[in-house]
Amino acid sequence: MKTYLGMPTAPAGVGALSGSLPFPDAARPALADAQLRRNLGHATRTIRAKRAAVVGEVSDWEELRLAGQAIKKATMARLDEHLERLEREVTARGGRVHWATDAVAANRIVTEIVQATGATEVVKVKSMATQEIGLNEALESAGITAVETDLAELIVQLGHDRPSHILVPAIHRNRSEILEIFQREMGDAPADLTDEPRRLAMAARSHLRRRFLAARVAVSGANFAVAETGTLAVVESEGNGRMCLTLPQTLISVMGLEKIVPTWEDLGVFLQLLPRSSTGERMNPYTSMWTGVTPGDGPQEFHLVLLDNGRTAALADEVGREALHCIRCSACLNVCPVYERAGGHAYGSVYPGPIGAVISPQLTGVAANASLPYASTLCGACFDACPVRIDIPALLVHLRARVVEERRLPTPESIAMAAASWLMSSPKRFGGAIRAARGVRLVGRRRGRISALPPPLSGWTASRDAPVPPPETFREWWRRTGGGRDE
Amino acid sequence: MVTTVRVALFVTCLVDALYPDVGKATTRLLRRLGHEVVFPAAQTCCGQMHVNTGYQRDALPLIRHHAEVFDPYDAIVAPSGSCAGSVRHQHSDVAARAGRPGLASRAGSVASRTYELSEFLVDVLGVDDVGAYYPHRVTYHPTCHSLRVLRVGDRPLRLLRNVGGIDLVELPDADQCCGFGGTFAVKNADTSTAMLADKMRNVLSTRAEAVCAGDSSCLMHIGGGLSRLRTGTRTVHLAEILASVQ
């Protein structure tokens, strides 16, 4: 078997990683929804300002980013050793480690563990990995109810909706929409509930309190796992995570295998980078860490499910593997002009925004997500915001090349690109082509603009005039005037 | 004090075909500053559109051609952050990815001698007052590739602030992308248009007569929108302002 960085390669990932429509079509409803555009614009603008303020007060922020990048790179280079160390340490401290090659395997493992406890309801800490594998739906089909306890995730669940942001999954909702969802779906919402944020939070709090106290099993993800001691870490803001991680008898944590850090010293770097990048806070309110099982304190049964689901396949891409450095802070979403307009659902995957446009195709293979690498203007704002310096624009360009290279049949675009390459690789042909383009002057010369062009350029002229080619190209002018000297 | 520099003008295919005045302005400006401008007539296109759309194999002949044409020159100047950015940050990598180490090193060498106009003026020639005169109300849009690929910083603004007669007004949310993005503008036309709408709103809020940038491609996009809406607001390339005199 072929291995990359010491890891055997499992098949591509499956689960909630691609949509049914290509990005340009999937973006249309959001672009046409003025309310959604306002919600997203307001929310991303607010969080951008918060992040900029707290990042600005750290004098060695750039050094921290470099450290984060270096640790991630070094960790990936010896991922096999770190994962085996993690497994040994977790096991030695009373936990059990399960290896899941894909979403189907992970769901089966979690379902069987829950069934063995006899529980029919689990409480959940917000987790991208369990969203990725569609765990809630898998549990439901086994007769087990999963209750999301993060406020925004609860709003998404009660609204029978999909998350649209990594950190703020209900960012597309405003408070009046949330009130409506609570009144319709919560069951125990107070009759006089209003859309005041505090009252909405209190309603969710009392709704969830009953579930926390009754829960026998909790399911979480993990922000980090420290290999040297087998310690897992979850950072959060609401305290719901702390409840889930401490109250139930059984704890199941599903973690993408790239979330590992070798040492506590490494963890220190990321605990500085993550909250400032993510929520725009100096430190998040709750950081929970646990190491195996502690007799008489906290969950007495602990399972760690290490999820591959396309990650080792991504490792096989020497350039693309950098996407696995992501710590899921979502800073790139908040600065992305495309995300801000199109919203998270347009990406089809649970991972939206710039990082989603590189991670999703990496996990599924590019054919299943061929439009995502093109969902960017390559403006570069994401790279500047990334706390671990993932060069997202370069990865997007790389993935676009993979999309083209893996396509078997020619398309109108590929034929046009080959023709353009042929024309432009010779000065003679190029000069002739731009002279010939002057024929277009017949269309727009009189009005000085061109308002309609045939497809595919009609996409341009739907909202923008096209320039009328000038009577003389630059090279013609240069030749005629000796570079302006004879004018 | 810099002595006379022999500058090879990398005019870019877009300027050559559609915006020759930008190339003429760049030529006049550099000459006025006492430097020699040559136009290597064999130049065509840097291939950025191919690279950024995924057609790296089709880009290779263009990258090879560009490197051959410009290799003899010590200073290569483009009136474009995006095309200079592609030469500097993509050419060598694309060649290396295609398993062409010889081309990669040659392209890397050309890249090290390639400058965007404002970088060349401020960093190489050491001037931030070019003696220009432009009595108009202007707002400046820093294009994404000049800002975040080349990191030109405030060089264009320093040049503009020293222009005589200019009324330079700050553009709100200036560092936000205009939505062009090359083939993005066609492939994702609706999203591109949504971004353009916000850029135009900000431009119009300044009540500037003209919006200025260092890239004709972004100006083609912004200008195409402003023209469609009959706003009366013009676009003007940085080189055209800097080349203007009383």
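All values reported here derive from a predicted model rather than from experimental measurement. (Residues numbered from 1 in each chain as written. Chains lettered and ligands numbered in written order. Predicted model: local features only at pLDDT ≥ 70, side-chain atom pairs only at ≥ 80, totals over all residues.)

## Considering the overall build of chain B
Link 1 in the chain: Each helix and strand in chain B was counted, giving 14 helices and eight strands.
Link 2 in the chain: Relative to its length of 246 residues, chain B is compact, with a C-alpha radius of gyration of 18 Å against a globular reference of 18 Å.
Link 3 in the chain: Put simply, chain B has 246 residues, and 62% of those count as buried.
Link 4 in the chain: Within chain B, counting contacts between residues at least 6 apart in sequence, those at least 24 apart form 78% of the total. (Helix = DSSP H or I, 4+ residues; strand = E, 2+ residues; numbered from the N terminus. Rg over C-alpha atoms; globule rule 2.2 N^0.38 Å. Buried ≥ 20, exposed ≤ 12 C-beta atoms within 10 Å, placed from the backbone. Contact = placed C-beta atoms within 7 Å.)

## Considering the overall build of chain A
Link 1 in the chain: A count of helices and strands for chain A gives 24 helices and 12 strands.
Link 2 in the chain: Here the C-alpha atoms of chain A give a radius of gyration of 26 Å, agreeing with the 23 Å that 2.2 N^0.38 yields for 487 residues.
Link 3 in the chain: Put simply, chain A has 487 residues, and 51% of those count as buried.

## Re the nonpolar core
Link 1 in the chain: Within the largest apolar cluster, 224 residues are counted, with the highest numbers of intra-cluster contacts made by Val122, Ala218, Val254, Leu307, Cys332 and Ile392 of chain A together with Ile241 of chain B.
Link 2 in the chain: Sort the elements by how many residues they give to this core and helix α19 (residues 392–406) of chain A lands first, with seven residues.
Link 3 in the chain: Once you skip the residues sitting within four places of it in the chain, Ala218 of chain A turns out to touch Val122, Val123, Val125, Cys244, Leu245, Pro248 and Leu251 of chain A. (Core = buried A, V, L, I, M, F, W, Y, C linked by C-beta atoms within 7 Å.)

## Notes on the interface of chain A and chain B
Link 1 in the chain: Taken together, the contact pairs 52 residues of chain A with 54 residues of chain B.
Link 2 in the chain: With five residues, the single largest contributor to the side of chain A that touches chain B is α19 of chain A.
Link 3 in the chain: Its residues placed into classes, the side of chain A that touches chain B shows 34 nonpolar, nine polar and nine charged. (Nonpolar A, V, L, I, M, F, W, Y, C, P; charged D, E, K, R; others polar.)

## Description of the packing of helix α10 (residues 175–185) of chain A against helix α11 (residues 197–214) of chain A
Residues and elements named next belong to chain A.
Link 1 in the chain: The N-to-C vectors of α10 and α11 enclose an angle of 30 degrees; their axes lie 11 Å apart at closest approach. When the axes of α10 and α11 are compared, the pair comes out roughly parallel. The element α10 and its partner α11 pack so that their crossing is left-handed. Between α10 and α11, the residues in contact are Arg175, Ile178, Leu179 and Phe182 and Pro197, Leu200 and Ala203, respectively.
Link 2 in the chain: Here the residues of the contact of α10 with α11 are counted per class, giving six nonpolar, no polar and one charged. (Axes fitted to C-alpha atoms, helices over the stretch in contact; angles between N-to-C directions. Parallel < 35°, antiparallel > 145°, perpendicular 65-115°, else oblique. Left-handed = near helix turned anticlockwise from the far one by under 90°.)

## Topic: the sheet that holds strand β6 (residues 217–220) of chain A
Residues and elements named next belong to chain A.
Link 1 in the chain: One open sheet holds the six strands; their spatial order is β3-β12-β9-β6-β4-β5, and the pairing between them is parallel. Each edge of the open sheet is held by one strand with a lone partner, namely β3 (96–100) and β5 (145–148). Between one strand axis and the next, the sheet turns by 25 degrees as a mean value, whatever way the strands run.
Link 2 in the chain: Across three bridges, the pairing between strand β4 (residues 121–124) and β6 is parallel. Pairing of Val123 across the sheet is with Ala218, part of β6.
Link 3 in the chain: The sheet contacts of helix α5 (residues 79–92) involve β3 and β12 (301–307), and relative to β3 the element is tilted by about 145 degrees. (Pairing = 2+ DSSP bridges.)

## Side note on the environment of Leu267 of chain A
Link 1 in the chain: Residue placement: Leu267 of chain A occurs in helix α13 (residues 264–278).
Link 2 in the chain: With 43 residues separating them in the primary sequence, Leu267 of chain A and Phe224 of chain A have C-alpha atoms 7.6 Å apart.

## Focus: the sheet that holds strand β7 (residues 224–226) of chain A
Residue and element names in this part refer to chain A.
Link 1 in the chain: Here four strands make up an open sheet; going across it, the order is β10-β7-β8-β11 and the pairing mixed. Only two strands of the sheet have a single partner each, and these edge strands are β10 (260–261) and β11 (286–291).
Link 2 in the chain: Alignment of β7 against strand β8 (residues 231–236), held across three bridges, turns out to be antiparallel. By the bridge assignment for β8, Val226 is matched with Thr231.
Link 3 in the chain: In the packing of α13 onto the sheet, contacts are made with β7, β8, β10 and β11, and the angle to β7 comes to roughly 165 degrees.

## Details of helix α3 (residues 34–56) of chain A
Residues and elements named next belong to chain A.
Link 1 in the chain: With 23 residues, α3 extends 32 Å from end C-alpha to end C-alpha; this agrees with the ideal 33 Å at 1.5 Å per step.
Link 2 in the chain: Every buried residue of α3 is listed here: Leu36, Asn39, Leu40, Thr44, Ile47 and Arg51.
Link 3 in the chain: The elements touched by buried residues of α3 are α2 (28–32), α13, α15 (331–335) and α16 (337–342). (Expected span 1.5 Å × (residues − 1).)

## Details of the domain arrangement of chain A
Link 1 in the chain: As assigned here, chain A comprises domain 1 (23–312) and domain 2 (424–481).
Link 2 in the chain: Centre-to-centre separation of domain 1 of chain A and domain 2 of chain A, based on C-alpha positions: 53 Å. (Domains from an automatic or database assignment.)

## Some words on the pairing of β4 of chain A
Link 1 in the chain: Here β4 of chain A pairs with β5 of chain A via four bridges, running parallel. Across the sheet, Val122 of chain A pairs through a bridge with Ala146 of chain A, a residue of β5 of chain A.

## What to know about the environment of Ala204 of chain A
All names here are of chain A.
Link 1 in the chain: Take Ala204: it is sitting in helix α11.
Link 2 in the chain: When the C-alpha atoms of Ala204 and Phe182 are compared, they prove to be 8.4 Å apart, with 22 residues separating the residues in sequence.
Link 3 in the chain: Excluding residues that lie within four positions of it along the chain, Ala204 makes contacts with Leu151 and Leu154.

## Details of the domain arrangement of chain B
Residues and elements named next belong to chain B.
Link 1 in the chain: What the domain assignment lists for chain B is domain 1 (6–123) and domain 2 (129–243).
Link 2 in the chain: The C-alpha-based centres of domain 1 and domain 2 are spaced at 22 Å.
Link 3 in the chain: Across the contact, 27 residues belong to domain 1 and 23 residues belong to domain 2.
Link 4 in the chain: Put simply, the parts of the chain that give the side of domain 1 that touches domain 2 at least two residues each are α1 (13–18), α2 (20–32), α3 (48–53), α5 (81–89) and α8 (117–124).
Link 5 in the chain: Taken together, the residues that form the side of domain 1 that touches domain 2 break down as 13 nonpolar, nine polar and five charged.

## Some words on helix α21 (residues 427–436) of chain A
Link 1 in the chain: Within the span of α21 of chain A, buried status applies to Phe430, Gly431 and Ile434 of chain A. Viewed end-on, α21 of chain A has its buried residues packed into an arc of 100 degrees, placing them on one side of the element. Residues of α21 of chain A that are exposed and point more than 90 degrees away from the buried face comprise Lys428, Gly432 and Ala436 of chain A.
Link 2 in the chain: Summarising the contacts, the buried residues of α21 of chain A are in contact with α20 (412–424) and α24 (474–481) of chain A together with α1 of chain B. (Arc of directions from axis to C-beta.)

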